[in-house]
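Now for the letters of each chain:
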Number of protein chains: 2
Amino acid sequence: MSKIQNRSLYLEVADRVRELIEQGELAPGERISEKALCERFGVSRTPLREALKVLASEGLVELLTNRGARVMRLTVKMVKDTYDLMAALEGLSGELACQNISDEEIEAICRLHEEMLRHYQERNLMPYFRINQQIHESILAASGNEVLQEMYSNLSQRVKRVRYSKKMTDSFWRQAVQDHENMISALKARDGKRLGQILREHLCNKLEVASIAGMIEDDEELSVVNS
Amino acid sequence: MSKIQNRSLYLEVADRVRELIEQGELAPGERISEKALCERFGVSRTPLREALKVLASEGLVELLTNRGARVMRLTVKMVKDTYDLMAALEGLSGELACQNISDEEIEAICRLHEEMLRHYQERNLMPYFRINQQIHESILAASGNEVLQEMYSNLSQRVKRVRYSKKMTDSFWRQAVQDHENMISALKARDGKRLGQILREHLCNKLEVASIAGMIEDDEELSVVNS
DNA sequence: GAAATGAATATTGAATTCATAATATTTTTT
DNA sequence: AAAAAATATTATGAATTCAATATTCATTTC
């Protein structure tokens with residue numbers, strides 16, 4: 001028996017548009033034609049416009065009155081600000097996780113960590129990133145704070161487009177792995193303060209931003225590199 | 001010459017509904033009748049429904065497919081989680097503010113602080129809260145991080161309804177004022193780490209939640225006390 | 001030839017209409 | 001009279017229509 005259809009059309013549409021933006025098929029700053037998207041998705045303008053309003057309040061799209069919608073342009077400052085925020089949220093997630101996490105969850109994270117280390121040793125960047133992200137998400141989940149998770153994933157979504165436009169130098173990479181070693185140790189000790197501290201200072205995110213910042217001017221629009 | 005009208009109807013409507021929720025005129029869990037609100041505002045269903053979608057993604061309203069909208073119910077856990085988050089964001093705002101704040105801005109905050117002290121000495125609760133909030137907002141603004149400000153004000157909006165349902169005991173109040181003294185000193189010294197720390201631990205918010213939590217069960221719905 | 005004006009076109013904003021799902025009411029049955 | 005079924009009513013979801021606003025393009029003026 002297939003899932004009962006109980007999702008509204010505007011939610012589907014929002015998902016699809018979100019994908020298009022993430023994939024870069026709709027480029028930053030590009031005008032979003034209601035007509036074109038309606039035809040593409042085979043829906044009327046009503047649910048599409050509702051979806052655009054949702055995406056706007058998620059910060060993925062900007063709506064100009066009487067002038068339609070554009071894909072939100074990312075500036076270096078915005079990305080930098082967003083990562084500062086995400087770092088603070090991760091810090092909080094670490095503190096909370098240490099209070100709430102179960103032994104089983106810790107073990108699961110340790111296993112992910114081991115797996116990540118293997119990818120690091122073999123210098124497999126993409127699998128490394130995938131597991132890396134899973135670790136951070138696991139800690140976030142272990143925090144037990146759903147509002148935090150919701151906020152974090154929104155922020156993460158906003159900057160997803162620039163995520164893969166980075167080159168990881170070897171020394172940065174080594175540092176990141178070291179940070180992770182420390183994280184695991186703090187987590188095992190359930191030392192919330194320390195884990196929070198490590199996560200806040202964990203350079204990974206900030207570095208990639210810095211590397212981008214080197215490429216273009218400060219309040220310049222950010223060009224998105226597709227994978 | 002008055003400002004040319006360039007705001008969309010759905011934005012106006014969203015503002016008005018937000019007010020109704022904040023004021024408690026629309027109670028938590030209450031069903032929102034599209035028809036009733038349309039008549040009240042004199043608009044058609046289209047802009048109203050768009051507004052509801054925005055409010056839903058702000059977390060003020062929940063939409064049940066085919067079953068209309070309800071004012072989001074707050075549970076003690078949600079409020080607790082939200083305050084934890086806000087504390088972390090305030091901490092970040094303190095750290096960033098110390099990096100960016102101008103001498104003039106510091107002076108303005110000091111003046112607010114003096115004013116707040118006067119209200120404290122005279123035990124004028126509401127004016128005290130008003131200035132208190134202005135101080136926190138000023139620090140937030142001085143952080144220069146607009147994404148942070150946006151997130152914070154969203155979170156703050158969500159829990160505004162329970163804001164006034166607190167009783168401030170004298171010892172808590174004294175502690176809060178002491179925290180503020182320390183904040184000012186850290187700010188003057190531009191000691192970001194310390195200011196961040198103080199703000200994160202600043203009990204004000206957490207206390208009021210704790211006091212509420214004492215009143216009702218943990219995942220119970222929160223009853224809102226109107227002023 | 002460039003800038004400015006005005007008509008034509010296209011696009012968005014909002015109201016209305018139509019279809020469908022949920023709720024309330026009445027009727028039937030036991 | 002209570003429970004169940006059938007019907008009617010209402011409310012929501014989505015498409016369509018109408019109106020207002022921008023944009024484009026041709027024409028005029030300097």
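Remember, predicted model here, so these are calculated numbers, not experimental data. (Residues numbered from 1 in each chain as written. Chains lettered and ligands numbered in written order. Predicted model: local features only at pLDDT ≥ 70, side-chain atom pairs only at ≥ 80, totals over all residues. Heavy atoms only, no water.)

Brief notes about the confidence of the model for chain A
A residue-level look at chain A finds 85% of positions with pLDDT of 70 or above and a mean pLDDT of 88. Here helix H10 (residues 203-213) of chain A stands out as the element of chain A with the lowest mean pLDDT, 61, in contrast to helix H3 (residues 45-57) of chain A, whose mean of 97 is the highest. (pLDDT = per-residue confidence, 0-100. Helix = DSSP H or I, 4+ residues; strand = E, 2+ residues; numbered from the N terminus.)

Digging into the packing of aromatic side chains
This model, assessed by the stated rule, comprises 6 aromatic pairs over all chains. Aromatic side chains Tyr120 of chain A and Trp173 of chain A sit 5.4 Å apart centroid to centroid with 65° between the ring planes, which places their arrangement in the edge-to-face category. Taken together, the residues Tyr120 of chain A in helix H5 (residues 103-121) and Trp173 of chain A in helix H8 (residues 170-188) connect sequence positions 53 residues apart. In this structure Tyr120 of chain A comes out as buried when scored by relative accessible area, which is 11%. The exposure class of Trp173 of chain A is buried, given its relative accessible area of 5%. Between Tyr128 of chain B and Phe129 of chain B, the aromatic rings sit 5.7 Å apart at their centres with planes inclined by 65°, giving edge-to-face as the arrangement. Assessed through its relative accessible area of 12%, Phe129 of chain B is described here as buried. Counting every residue linked through ring pairs, the aromatic cluster contains Tyr120, Tyr128, Phe129 and Trp173 of chain A. Its end group placed over the ring of Tyr120 of chain B, Arg123 of chain B keeps NZ or CZ at 4.5 Å from the ring centre. We note Arg123 of chain B situated over the ring of Trp173 of chain B; from NZ or CZ to the ring centre the distance is 5.6 Å. (Phe/Tyr/Trp six-rings, centres within 6.5 Å; stacked < 30°, edge-to-face > 60°. Buried < 20%, exposed > 50% of the residue type's maximum accessible area, 1.4 Å probe, protein only. Lys NZ or Arg CZ within 6 Å of the ring centre and 35° of its normal.)

Points about the nonpolar core
Counting 34 residues, the largest nonpolar core has Leu85 and Leu89 of chain A together with Leu85 and Leu89 of chain B as the members making the most contacts within it. For this core, the secondary structure elements donating two or more residues are helix H4 (76-100) and helix H7 (146-159) of chain A together with helix H4 (76-100) and helix H7 (146-159) of chain B. Each residue touching Leu85 of chain A, except ones within four places of it in the same chain, is listed here: Leu155 of chain A together with Leu89, Leu92, Val147, Leu148 and Met151 of chain B. (Core = buried A, V, L, I, M, F, W, Y, C linked by side-chain atoms within 4.5 Å. Contact = heavy atoms within 4.5 Å.)

Regarding the packing of H5 of chain A against helix H6 (residues 125-142) of chain A
Residues and elements named next belong to chain A. Here H5 crosses H6 at 165°, and the two axes come no closer than 9 Å. Compared by their axis directions, H5 and H6 come out roughly antiparallel. For the element pair H5 and H6, the recorded crossing hand is left-handed. Where H5 abuts H6, its residues Glu105, Ile109, Leu112, His113, Glu115, Met116, His119 and Tyr120 lie against Pro127, Tyr128, Ile131, Asn132, Gln134, Ile135, Ser138, Ile139 and Ala142. Classifying every residue of the contact of H5 with H6 gives 10 nonpolar, 5 polar and 2 charged. (Axes fitted to C-alpha atoms, helices over the stretch in contact; angles between N-to-C directions. Parallel < 35°, antiparallel > 145°, perpendicular 65-115°, else oblique. Left-handed = near helix turned anticlockwise from the far one by under 90°. Nonpolar A, V, L, I, M, F, W, Y, C, P; charged D, E, K, R; others polar.)

Side note on the interface of chain A and chain B
Frequently, the measure chosen for interface size is the accessible area removed from exposure when the parts meet. With 33 residues of chain A at the contact, the number on the chain B side is 34 residues. Summing both partners gives a buried area of about 2700 Å² for chain A against chain B, and 60% of it is carried by carbon and sulfur. Looking at the side of chain A facing chain B, the largest losses of area belong to Lys53, Leu85 and Met151 of chain A, adding up to 20% of the total buried there. Where chain A touches chain B, the interface holds 6 salt bridges. Between Glu150 of chain A and Arg158 of chain B there is a salt bridge, with its nearest N and O atoms 2.9 Å apart. Counting the contacts that link chain A with chain B gives 11 residue pairs in polar contact (both at pLDDT 80 or more). When residues in the side of chain A that touches chain B are grouped by element, the largest group, 10 residues, is from H4 of chain A. (Buried area = accessible area lost by both parts, 1.4 Å probe. Salt bridge = Lys/Arg side-chain N within 4 Å of Asp/Glu carboxyl O. Polar contact = N/O pair within 3.5 Å; in protein donor to acceptor, adjacent residues only side chain to side chain.)

Points about the protein's contact with DNA strand C
The immediate surroundings of DNA strand C are formed by 16 residues, with Arg45 and Arg49 of chain A together with Leu9, Ser44 and Thr46 of chain B found nearest. By atom count, sugar and phosphate contribute 70% of the portion of DNA strand C lying within 4 Å of the protein. Separating a base nitrogen of DNA strand C from a side-chain N or O atom of Arg45 of chain A is a distance of 2.8 Å. Contact between DNA strand C and Ser44 of chain B: a phosphate oxygen at 2.5 Å from a side-chain N or O atom of the residue. When residues of the surface near DNA strand C are traced back to their parent elements, those giving at least two are strand S1 (31-32) and H3 of chain A together with helix H3 (45-57) of chain B. When residues in the surface near DNA strand C are grouped by element, the largest group, 3 residues, is from H3 of chain B. Tallied by class, the residues present in the surface near DNA strand C amount to 3 nonpolar, 7 polar and 6 charged. (Near = heavy atom within 4 Å.)

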